Amino acid sequence: MYKQNDIVNLNISDYSHDGYGIGRIGEVVFFIPYAIIEEEIEARIVKVEKNFCVGEILRIIKKSAKRTNPICQHFKDCGGCDLMHLSYQEQLHFKTISALNTFRKIAKMNIYPDEVMGMDEGLYYRNKVQVPFSVYKGHVKCGYYRKKTHDIIDLESCYIAPLYVTDIIKEVKRIVIKKRISIYDEKSKHGCLRHLLIRTNYKNEVMVVFITNGNDLPFAKELVASLTTSFPQINSIMQNINNKHNNVILGDKHKLLFGKDFLIDKILDLQFKVSHYSFFQINRLQTEKLYLKVLEYLQPKNKDIVVDCYCGVGTIALTIAKYVKHIYGIEVVASAIDDANINKELNHIENATFIVGKVEEEIDKVLDKGITALVVDPPRKGLDVTLIDKLKEVRVPTIVYVSCNIATLARDLERLSTVYAVKNVTLVDMFPQTAAIEGVVKLNLKV
């Protein structure tokens, strides 16, 4: 049996769901971070479990042509990216393999995507970033968490958000140090500045949000003056007040320090009012591809009545609205429904109705309206089993399922399979450089 610190040579033949390379010696499986299919490596065992070992690369004996040199100095330390050592095409290949394996294992189906939608290079795509502050050995740190820890990596570069976002973060840190603004300490529960949140929109306009432990933000005027002078694209600066000592980032109260308390963002031909509280898709370009695929799968007609389950702020529902007779959106978060109604008015849409409540409970109110199709875009936990039972009973002709979690998507497809057949599948890479992939599935009622 192998033990910790043993040295082994491995041929990498597969990937795990989180992007580790997999090698085998006899019946023993080895998981090696940052190893790539077709590589031969020398590895040191760092962890031994009953049925597998985890190792680290000591030397690459045979290097894959699909390996790249990560452009970010924080890669391997930062928890933001998993796959920057892979060429972008190989990232898409890995995500496709991972989805296929998940469908086989959980859904008991051989489901092959019709299309995998990637980006040109998979960089600079995030329109929302939030970073914590801390003090370590007397030095202020601001950046992303180290993988699987609450230790902060001091941010010098980031290539999945616009470069000016990183520059804003570094400027805030400079002012905080110069003015000696206190930093919140998780253990003592004292100190002022907790997090910094930055949003951008399609015009590259910027919202900056200081998240504080308490009502006061020292040197707020100096912060506003310095940031707006250095970054004229900033048109909103907020202070969010979070006095709760937990892992929730945003508090319930806020102050406007400069400009407006919102941004106007755009998806396809629709505009959306976005506050610092709003849930909004992080990758705008890929969101447009995803929504166009939803429309393609729906094939909406002007006599159709559609329900958008888990509608959030109404982005999918309002995209569909102009093609159908009426659309209903259901969402449990009341503030999201408030935003959805604002967005409906902003876009002069009259044939959309938004309902607050749990989908599995509120859907009964619309099932007698002659529903022709459903769109479901649930949180990572997937569909509630009560909703699945209702869908199987009501037998709406078409369901388009949008999922950010392929595992729960596969589980729900298996549960629906007695009544619905999978017609089409597309994978959309919403989060390049990470192991995540989004799925869009068209389900037709079985004859």
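What you are looking at is a predicted structure, and each value in this text was computed from that prediction instead of being measured. (Residues numbered from 1 in each chain as written. Predicted model: local features only at pLDDT ≥ 70, side-chain atom pairs only at ≥ 80, totals over all residues. Heavy atoms only, no water.)

Draft legend 1. Seen up close, helix H4 (residues 284–298). Between its terminal C-alpha atoms H4 stretches 21 Å, which fits the 21 Å expected from 15 residues at 1.5 Å a residue. Those residues of H4 not exposed but buried are Arg284, Gln286, Thr287, Leu290, Tyr291, Lys293, Val294, Leu295, Tyr297 and Leu298. Trailing H4 by a residue or two, Gln299 shows a phi angle of about 50°, which is positive. (Helix = DSSP H or I, 4+ residues; strand = E, 2+ residues; numbered from the N terminus. Expected span 1.5 Å × (residues − 1). Buried < 20%, exposed > 50% of the residue type's maximum accessible area, 1.4 Å probe, protein only.)

Draft legend 2. Expanded view of the sheet that holds strand E5 (residues 52–62). With respect to topology, five strands assemble into a closed barrel ordered E1-E2-E3-E5-E4, the strand pairing being mixed. Across the sheet, the mean angle from the axis of one strand to that of its neighbour is 50°, orientation sign disregarded. Pairing geometry for strand E1 (residues 7–15) and strand E4 (residues 40–48), over five bridges, is antiparallel. The residue of E4 that forms the bridge with Val8 is Ala43. (Pairing = 2+ DSSP bridges. Axes fitted to C-alpha atoms, helices over the stretch in contact; angles between N-to-C directions.)

Draft legend 3. Region of the structure containing the environment of Lys108. Note that Lys108 resides in the loop between helix H1 (88–107) and strand E6 (115–117). C-alpha separation for the pair Lys108 and Asn215, spaced 107 residues apart in sequence, amounts to 54 Å.

Draft legend 4. The arrangement of a nonpolar patch on the surface in detail. Residues Ile71, Tyr124 and Leu163 make up a contiguous nonpolar surface patch of about 270 Å² in total accessible area. Note on placement: Leu163 falls in helix H2 (residues 163–179). (Patch = residues over 30% accessible without salt bridge, like charges linked within 9 Å, V, L, I, M, F, W, Y side chains within 5 Å. Areas by Shrake-Rupley, 256 points an atom, 1.4 Å probe, with all protein chains shown as cover. Salt bridge = Lys/Arg side-chain N within 4 Å of Asp/Glu carboxyl O.)

Draft legend 5. View of unusual backbone geometry. Positive phi is not limited to glycine here, since Lys108 has a value of about 60°. In this structure, Gln299 is a non-glycine residue whose phi angle is positive, near 50°. Inspection of the secondary structure assignment puts Gln299 in the loop between H4 and strand E15 (305–309). The class for Gln299 is partly exposed, based on a relative accessible area of 49%.

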